[in-house]
Amino acid sequence: MGKKERNLKGRLESLGHDCFYLTLKLFGHRGGYLLLLPVIFVYVICSGKIHRVTSPYVSRRFPEHGWLRKRVDTFRIVLSFGQVLVDRGWLGLNVGASFSGELDGRDRLLELVAAGKGLILLTAHVGNWQTALSRICDLGAPVNSLMHYEHEAVAKHYFDLRKEPVPFTIINSEGFMGGLVESTAALQRGEIVTIMGDRYTGGPYAETKFLGDTVRLPAAAYSLAGATGSPVAVLLAAKTGSRSYRLKVWNVFQPLPTERNERRKGLSRWASMFAGSVEKYLEEYPWQWYNFYDFWSQ
């Protein structure tokens, strides 16, 4: 794709998001959902690419489904993702708005924070994580989010759309040493650091089984935990209604420092705990998987 084509694609994408933001302002949350249905239907019918990028997951999660049911699975995944984007936009455009939800495992998190060793909240690109992130800032310690952050991105974070301070500190993973120095300092101060544990884009990694096949996962969270003595809690969010969500602690473990010759094995052990938690999550919420590429090809 040439530069002109990329610029045109970017402008069209920006226009599409602006249309949804305008719809949310004029017709509210329900209006955004109504507009989403025909857009997603036409996209899934006309785009072969979306089926190619969802097929690696769909074929593993629903191996018993035939051609037609897999098309329906793709529609449900894309619709679910679209609803999360609408939720994010509505939350950002309406200062003071919030969704109702519960946090299963809140007492356990409070205990971990109270220990003063910092806490790593390991999550994934599933459910409505950004919406839920706005509700985890009352655990008794400052919250930091290690994330890839582009202020000029077309798909705005809910906090970019609001004209109020962000309730947590953003540590840009594209910054110096991938943000690990700032993350280490935060953990040593007894603070909370959230990290996405499912997308490997380079650097240290761990290999483990996920939905039957080997995947490569980022190892930063486990290395940080081993170096600082901070525990890791797998915290995943799920959309349960038009304005409701569920946050749940799926596992808690303590990665330990390992000898150099045992390092790879140790990282794989911790990564398998994370992968197992995500598999259990997907048993309950199979259409809230938002990694739109071949997750296993790496």
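Overview of the structure.

## Let's talk about the overall build of the protein
And then number 1: Helices and strands together make up the secondary structure of the protein, namely nine helices and nine strands.
And then number 2: The buried share of the protein, reckoned over its 298 residues, is 46%.
And then number 3: Taking the intrachain contacts of the protein between residues at least 6 apart in sequence as the baseline, contacts between residues at least 24 apart amount to 73%.
And then number 4: Working note: accessible area of the protein is about 15000 Å², and carbon and sulfur atoms make up 56% of it.

## Description of the nonpolar core
And then number 1: By size, the foremost hydrophobic cluster in this structure holds 42 residues, and its most contacted members are F210 and Y222.
And then number 2: Discounting chain neighbours no more than four positions away, the residues touching F210 are V215, A275, V278, E279, L282, W289, F295 and W296.
And then number 3: Residues W90, A97, L109 and W129 belong to the second largest nonpolar core, which totals 36 residues.

## Focus on unusual backbone geometry
And then number 1: The backbone of L211 shows a phi angle near 50 degrees, a positive value even though the residue is not glycine.
And then number 2: Counting through the fold element by element, L211 comes out in the loop between β6 (205–210) and β7 (213–218).

## Looking at the environment of V215
And then number 1: With respect to the helices and strands, the residue V215 is situated in strand β7.
And then number 2: Placed 80 residues apart in sequence, V215 and F295 show a C-alpha to C-alpha distance of 7.1 Å.
And then number 3: The residues contacting V215, other than those within four sequence positions of it, are A206, E207, T208, F210, F295 and W296.

## A look at the pattern of salt bridges
And then number 1: Summed over all chains, the structure comprises eight salt bridges.
And then number 2: E111 is the salt-bridge partner of R108, the closest N and O atoms lying 3.6 Å from each other. Of this pair, R108 and E111 both sit in helix α4 (residues 106–114), separated by three residues, roughly a single helical turn.
And then number 3: Across the pair E207 and R216 runs a salt bridge whose closest N-O atoms are separated by 3.2 Å.

## Concerning the pairing of strand β9 (residues 244–253)
And then number 1: Of all 10 residues in β9, seven are buried; the element is thus mostly enclosed.
And then number 2: Note: strand β1 (residues 100–104) against β9, five bridges, orientation parallel. Within β9, the position partnered with S100 by the bridge is S244.
And then number 3: Relative to β9, strand β8 (residues 232–241) is paired through nine bridges, and the arrangement is antiparallel. Residue pairing for β9: L236 is matched across the bridge by K248.

## As for the packing of helix α2 (residues 48–61) against helix α3 (residues 67–93)
And then number 1: Put simply, α2 and α3 touch, their axes get as near as 10 Å, and they point 105 degrees apart. In terms of their interaxial angle, α2 and α3 are classed as roughly perpendicular. Here I50, H51, T54, Y57, V58 and S59 of α2 lie close against α3, whose contacting residues are K70, R71, D73, T74, I77 and V78.
And then number 2: Residue composition of the contact of α2 with α3, by class: five nonpolar, four polar and three charged.

## A word on the packing of aromatic side chains
And then number 1: One pass over the structure, following the stated rule, counts 17 aromatic pairs.
And then number 2: Here the aromatic rings of F81 and F292 are separated by 5.2 Å at their centres, their planes lie at 65 degrees, and the arrangement is edge-to-face. In this pair, F81 sits in helix α3 while F292 sits in the segment after α9 (263–284), placing the two residues 211 residues apart along the sequence.
And then number 3: Note on F292: relative accessible area 25%, which makes it partly exposed.

## Digging into the sheet that holds strand β3 (residues 143–147)
And then number 1: One open sheet holds the seven strands; their spatial order is β1-β9-β8-β2-β5-β3-β4, and the pairing between them is mixed. A single partner strand is all that each edge strand has here, and the edge strands are β1 and β4 (169–172). Pairs of neighbouring strands in the sheet enclose a mean axial angle of 25 degrees, with direction left out of account.
And then number 2: With five bridges connecting them, strand β2 (residues 119–123) and strand β5 (residues 192–196) associate as parallel partners. When the sheet's bridge partners are listed, L121 is paired in β5 with T194.
And then number 3: Packing of helix α7 (residues 180–188) onto the sheet brings it into contact with β2, β3, β4 and β5, and relative to β5 it is tilted by some 140 degrees.

## Brief notes about a nonpolar patch on the surface
And then number 1: Residues L22, L26 and F27 make up a contiguous nonpolar surface patch of about 360 Å² in total accessible area.
And then number 2: With respect to the helices and strands, the residue L26 is situated in helix α1 (residues 3–46).

What counts, and where the lines are drawn
Residues numbered from 1 in each chain as written. Predicted model: local features only at pLDDT ≥ 70, side-chain atom pairs only at ≥ 80, totals over all residues. Heavy atoms only, no water. Helix = DSSP H or I, 4+ residues; strand = E, 2+ residues; numbered from the N terminus. Buried < 20%, exposed > 50% of the residue type's maximum accessible area, 1.4 Å probe, protein only. Contact = heavy atoms within 4.5 Å. Areas by Shrake-Rupley, 256 points an atom, 1.4 Å probe, with all protein chains shown as cover. Core = buried A, V, L, I, M, F, W, Y, C linked by side-chain atoms within 4.5 Å. Salt bridge = Lys/Arg side-chain N within 4 Å of Asp/Glu carboxyl O. Pairing = 2+ DSSP bridges. Axes fitted to C-alpha atoms, helices over the stretch in contact; angles between N-to-C directions. Parallel < 35°, antiparallel > 145°, perpendicular 65-115°, else oblique. Nonpolar A, V, L, I, M, F, W, Y, C, P; charged D, E, K, R; others polar. Phe/Tyr/Trp six-rings, centres within 6.5 Å; stacked < 30°, edge-to-face > 60°. Patch = residues over 30% accessible without salt bridge, like charges linked within 9 Å, V, L, I, M, F, W, Y side chains within 5 Å.

Just geometry here; none of it tells us what the structure is for.
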